[in-house]
Amino acid sequence: MSRLNIAVLYGGDSAEREISLRSGEAVAKGLTESGFDVVLFDTRDRQLSELKLLAIDCAFIALHGRGGEDGCIQGALEYLGIPYTGSKVLGSALSMDKTRSKLIFQALGLPTAKFAVVEKDSFKAQDATKILAELNGKVMVKPAHEGSSIGMAKAETAQQLVDALAAAFSFDEQVLVEAWINGPEYTIAILGEQALPVIHMETPREFYDYEAKYQSTTTQYHCPCHLEQSEEQALQALALKVFKATNASGWGRVDVMKNEQGQWQFLEVNTVPGMTESSLVPKAAKVFGLSFSELVKAIVDMRLKQD
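What you see is a predicted model; the values in this text were computed from it and never measured.

Draft legend 1. Inspection of helix α3 (residues 72–80) at higher detail. Looking only at α3, the buried set comprises Ile-73, Gln-74, Leu-77 and Leu-80. Looking straight down α3, one finds that the buried residues subtend no more than 125° of arc, so they occupy a single side. Those residues of α3 that are buried lie in contact with β1 (5–10), α2 (50–53), β3 (58–61) and α4 (89–96). Of the residues one or two after α3, Gly-81 is the one with positive phi, at around 75°.

In C-alpha cells form, the structure reads like this:
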C-alpha cells in the first residue's frame, strides 16, 4: 500500500502567521514520524491549485486566523475536491466570528458573559460611558475576527474603552466588548466526539494575552486541572455542546472561564488552535495518552474515514 501524501497548509498572511509557521512545522514533523509523505505548503507564497498537481490525499490545515480558520481555505479546498482536516466551511466561519458565536451561545442557553457589539463606522466616543454602564463598569475588548488575543485589551473608564476600541478597529471593523470575568481560565480540547482532559491556565499577567500564550516563561498549565472529577466531566460535556453549537467538527478547542459566582462563562471555539508541541491541545492529548505524532495522525485518520 502506498504512503498517503499530506499537505500541511501553514503560514498564510494573517496576523497569526508566525504562530502558524511554528504549528505547521511541528505538525509536518509529527505526520512524517507517523509514516505519511508530507509537503509543507505556505499559502502566502503558493497557489492552492498546485495541490492538485501534487496529488494530495489530504490537507492538514495549520493556518490560524483569517483566511485559514474562517471558512475561506475550507471553501477553496471543497472546490478543488481535496479532503481537509477540521471543521467545514460553516463551522469554521461561525467559530471564527466571536460576535455570532456569542449570539448562538445566548440563543441556546449556553453560559456566556454579557456583551455589546461595536461597529467602527457607527461608534461615537460618547457611547463608551453607556457601554461600560451596561456591562458592569469593566470590560474586555476583542476584535470580532482575530485569534491569539490579538488586539485585546481591558477597559474600565470611558477613555480607556475609546482607546481600546481604536486599537481594536485597526484589526477589525467589528469589535466585541465583553463584561469582565474575574476568575480562572480553562480550555478543553476536542478530538472527534471526545473532550480531552481540561487544562487550567494561570498567568501573573492581567489576563491570558498574546505574551502569556507565546512569550512568557511564567504562565503555568495545570493538567490535571484540579477540578473535582464530577465537575470536570460536566465541563467536558458542556464544552462538547458549545463546540457543536457553532457547527465545529473534527478537532479544536473550547475556551471558558469561571466567574466569581462559580459559573462557567464560555468565551469561544477555536477550530484550528495552536499545534506546536507545547501548545494546549497537544498538552491535553499527552495526558489523555496520545503522543504528538499519534495526535496528528488521529486528526488525519478521522478525516480520511469520512470518505
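Continuing now.
Draft legend 2. Molecular detail of the nonpolar core. Formed by 29 residues in total, the largest nonpolar core has its most connected members in Val-27, Leu-31, Phe-60 and Met-275. Those elements giving two or more residues to this core turn out to be β1, α1 (17–33), β3, β8 (185–191), β10 (199–202), α10 (280–288) and α11 (292–304). With residues up to four places along the chain from it excluded, the contact list for Phe-60 reads Ile-6, Ala-7, Val-8, Leu-9, Val-27, Leu-31, Thr-85, Trp-251, Val-296, Ile-299 and Val-300. Within the second largest apolar cluster, 23 residues are counted, among which are Leu-227, Leu-235, Val-242 and Val-269.

Draft legend 3. Looking closely at the side chain of Asp-172. Tracing the sequence through the fold places Asp-172 in the loop between α7 (158–169) and β7 (174–179). You can call Asp-172 buried: its relative accessible area is 5%. Here Ala-144 takes part through its backbone nitrogen, which lies 3.2 Å from a polar atom of the side chain of Asp-172. Looking at Asp-172, its side chain comes within polar contact range of the main-chain nitrogen of Gln-174, at 3.2 Å. Among all residues touching Asp-172, those that are not within four sequence positions of it are Arg-66, Pro-143, Ala-144, His-145 and Glu-146.

Draft legend 4. Local environment of unusual backbone geometry. The omega torsion across Cys-223 and Pro-224 is 10°, close enough to zero to call that bond cis. Considering the arrangement of structural elements, one finds Pro-224 in the loop between β11 (220–222) and α9 (229–245). The backbone of Ala-55 shows a phi angle near 55°, a positive value even though the residue is not glycine. Mapped onto the secondary structure, Ala-55 falls in the loop between α2 and β3. Relative accessible area serves as the criterion here: at 52%, Ala-55 is assigned to the exposed category.

Draft legend 5. Summary view of the sheet that holds strand β5 (residues 139–143). Read across the sheet, four strands follow the order β4-β7-β5-β6 without closing on themselves; strand pairing throughout is antiparallel. Edge positions in the sheet fall to β4 (115–119) and β6 (153–155), since each of these pairs with one other strand and no more. With direction set aside, neighbouring strand axes in the sheet form an average angle of 30°. Across three bridges, the pairing between β5 and β6 is antiparallel. By the bridge assignment, Val-139 is partnered in β6 with Ala-155. Helix α5 (residues 98–107) rests against β4, β5 and β7 of the sheet, and its axis sits at about 45° to β7. Across the sheet, α7 touches β4, β5, β6 and β7, and the angle it forms with β5 is around 15°.

Rules used throughout
Residues numbered from 1 in each chain as written. Predicted model: local features only at pLDDT ≥ 70, side-chain atom pairs only at ≥ 80, totals over all residues. Heavy atoms only, no water. Buried < 20%, exposed > 50% of the residue type's maximum accessible area, 1.4 Å probe, protein only. Helix = DSSP H or I, 4+ residues; strand = E, 2+ residues; numbered from the N terminus. Arc of directions from axis to C-beta. Contact = heavy atoms within 4.5 Å. Core = buried A, V, L, I, M, F, W, Y, C linked by side-chain atoms within 4.5 Å. Polar contact = N/O pair within 3.5 Å; in protein donor to acceptor, adjacent residues only side chain to side chain. Pairing = 2+ DSSP bridges. Axes fitted to C-alpha atoms, helices over the stretch in contact; angles between N-to-C directions.

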